[in-house]
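Each chain, letter by letter, is given below.
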Amino acid sequence: GERDPGKGHLAMVGQGRRRMLPVMAVMMLASASSVSIHKPSVMKETGRVARSDVNHYFAEETNKEIVKNMEDFKASHDWDVGSLPCETGPVHFQLACKSVSYARRNRGRTVPFRVKNGQLKKDSQLFSEKFHPEESRHFNVGASSSFQAQTSMTFDLHYADGSHLRGFGGKDVVQLGDYDANAPFGVITDCNSPDFNGVDGILGFGLPRANSNMPYPILFSITEQNTDLLRKFTFFSTDNAAEVQLGGYDPSSTAGTMWYVPAMAKDDFIVGTTSLKFGDNINSAVELLKFKSTAQQKVGLPSILDSGTSCLVIPGDHGGGVLANIPWDDFAKNWKRDRSFWLEIGQKKWEIPFSSWYLADTEQTCVQPSPDGMQGILIGDVFFREYLVEFDMTESRPILGIAPLNKGYHLVNRNTLESLEVDVAPKSKLSLIKGAQVMYPAEHEAKLANVDRIPIENSMGTQYFMDLKIGTPKQTFTVIFDTGSTVFGVFTWKNNL
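Residues numbered from 1 in each chain as written. Predicted model: local features only at pLDDT ≥ 70, side-chain atom pairs only at ≥ 80, totals over all residues. Heavy atoms only, no water.

A.B. asks: Hey, could you run me through the overall build of the protein in this one?
C.D. replies: Secondary structure assignment for the protein yields nine helices and 28 strands. When each of the 497 residues of the protein is scored for burial, the buried share is 59%. Residue pairs at least 24 apart in sequence account for 75% of intrachain contacts in the protein once pairs closer than 6 positions are excluded. Total accessible area computed for the protein in this model is approximately 19800 Å², and 49% of it derives from carbon and sulfur atoms. (Helix = DSSP H or I, 4+ residues; strand = E, 2+ residues; numbered from the N terminus. Buried < 20%, exposed > 50% of the residue type's maximum accessible area, 1.4 Å probe, protein only. Contact = heavy atoms within 4.5 Å. Areas by Shrake-Rupley, 256 points an atom, 1.4 Å probe, with all protein chains shown as cover.)

If you want it as structure tokens, here you go:
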């Protein structure tokens, strides 16, 4: 990363060897196999003790009042375009959604920025080091009796930072946590990005995209072949540890109610940010999103919650013409220690404190201006360090849940499958939402649900690694975990094929 030697405090975080990785297409789908799939061993039936009656009553009464206020807001802000604004809204909003998805999929390496006297300066050097394949484990295709090559399905992916991945498609038994599936993935034979130094590939948990030749996402393969696991996952991250929870979320990992909102698109986790404030407290904070019209503010700027992005990425221009100001300029002008951001999604405000967006160890600001052409917001790891986020893909329209982290929660250090009594998204209410988004609190469900907790290595709060196994017999790999990517691939040596 770089620092402004004169100021020392408004330096953009450098990505070094972290991932900001591809989320484009690896291209292959393969035929079914007769491989037998390992089923999880007997689970520990624990359940969870519900909140005490008194606390439960007052919490529910508070939630009812909040929901009533939200519904009153929605009644006066409804945008009659159906439930998917990114697909049926005004053309400018559809284009804005596409621009944010494109920027996230093609982000590659985020080049460090520094600010001096209000001027943005860009590092012209592409990479400070080379990719060293000998530091990564490689999949031995010949050693797996269950591997099926799809050599006619090749890929050659290029990204905005000049990096690329090349290879072909394959299919094999993949073990993730306590579950197995016969799943397609990319066999990577060529790479030039140092972001992969010391790791063996990438694992994306994103949604399948329409009219795309991407491989079927791994979570979809696993949940279809293991019907006792629901198609959703939750991401928990602290400054030095992380965990992914398959099938739902562990209630003990939250410090409050989980609030849900439906996504604005079928193939991406897009929500609308209607306000972004920055300041000492919410009442005196400066509004960074000054919409030109109330109609535009009703749905806000399309925003993606993405663990593949380190920082908070805000508009460095007028947001495609919908804003009267430049949010990045106003943020830089008002920069001050100990100030917070307040994001408004679904008429609920979510605080990102100074301790999350400012990296004290390196004295770097983890807030960045958007790349050219991006008309929205990327909400990266600075948000995940404060909130538990659930990605629910059980319906055709994805649902996102947000709850404050329980920072006293003990993360697992090995795969742990349990049957838990969980709270769930109120889908009957969410299915009616059109236009302007409204968040609803979780509803309690008495029945148990399987939750598979998988440890993730967290490197400096900016890069996440997960172990998985592929093949028969199993070969172990450590891959970069990315909530937004749809790419799943591991390296192999070309001369061993």
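Further notes follow.
A.B. asks: Where do I start with the state of the cysteines in this structure?
C.D. replies: In protein structure, a disulfide is the covalent linkage between the sulfur atoms of two cysteines. For the structure shown, the criterion picks out two disulfides. With its sulfur 2.1 Å from that of its partner, Cys 86 forms a disulfide with Cys 97. For the disulfide bridge between Cys 86 and Cys 97, the dihedral angle about the S-S bond is near -65 degrees, and by the sign convention the bridge is left-handed. Here Cys 86 is found in helix H2 (residues 85-88), whereas its partner Cys 97 is found in helix H3 (residues 91-105), with eleven residues between them in sequence. Exposure remark for Cys 86: the relative accessible area of 6% places this residue in the buried category. The exposure class assigned to Cys 97 is buried, which follows from its relative accessible area of 3%. Through a disulfide, Cys 311 is tied to Cys 366; the S-S separation comes to 2.1 Å. On the sign convention where negative means left-handed, the S-S torsion of about -80 degrees between Cys 311 and Cys 366 marks this disulfide as left-handed. On the criterion of sequence distance, the pair formed by Cys 311 in the loop between strand S13 (301-305) and strand S14 (312-314) and Cys 366 in the loop between strand S18 (364-365) and strand S19 (367-369) is long-range, its members being 55 residues apart. (Disulfide = S-S within 2.5 Å.)

A.B. asks: It is not clear to me how the pattern of salt bridges should be interpreted in this structure. Could you clarify?
C.D. replies: Side chains carrying opposite charge are able to pair once their charged atoms draw close together. For the structure on display, the rule yields 13 salt bridges. Among the salt bridges present, the one from Asp 190 reaches Arg 166, with a minimum N-O distance of 2.5 Å. Separated by 24 residues along the polypeptide, Asp 190 in strand S6 (residues 179-191) and Arg 166 in strand S5 (residues 164-176) bring together distant segments of the chain. Its relative accessible area of 28% is what places Arg 166 among the partly exposed residues. As a salt-bridge pair, Arg 231 and Glu 224 come within 3.3 Å of each other at their nearest N and O atoms. A single network of salt bridges, built from pairs that share partners, joins Asp 156, Arg 166 and Asp 190. (Salt bridge = Lys/Arg side-chain N within 4 Å of Asp/Glu carboxyl O.)

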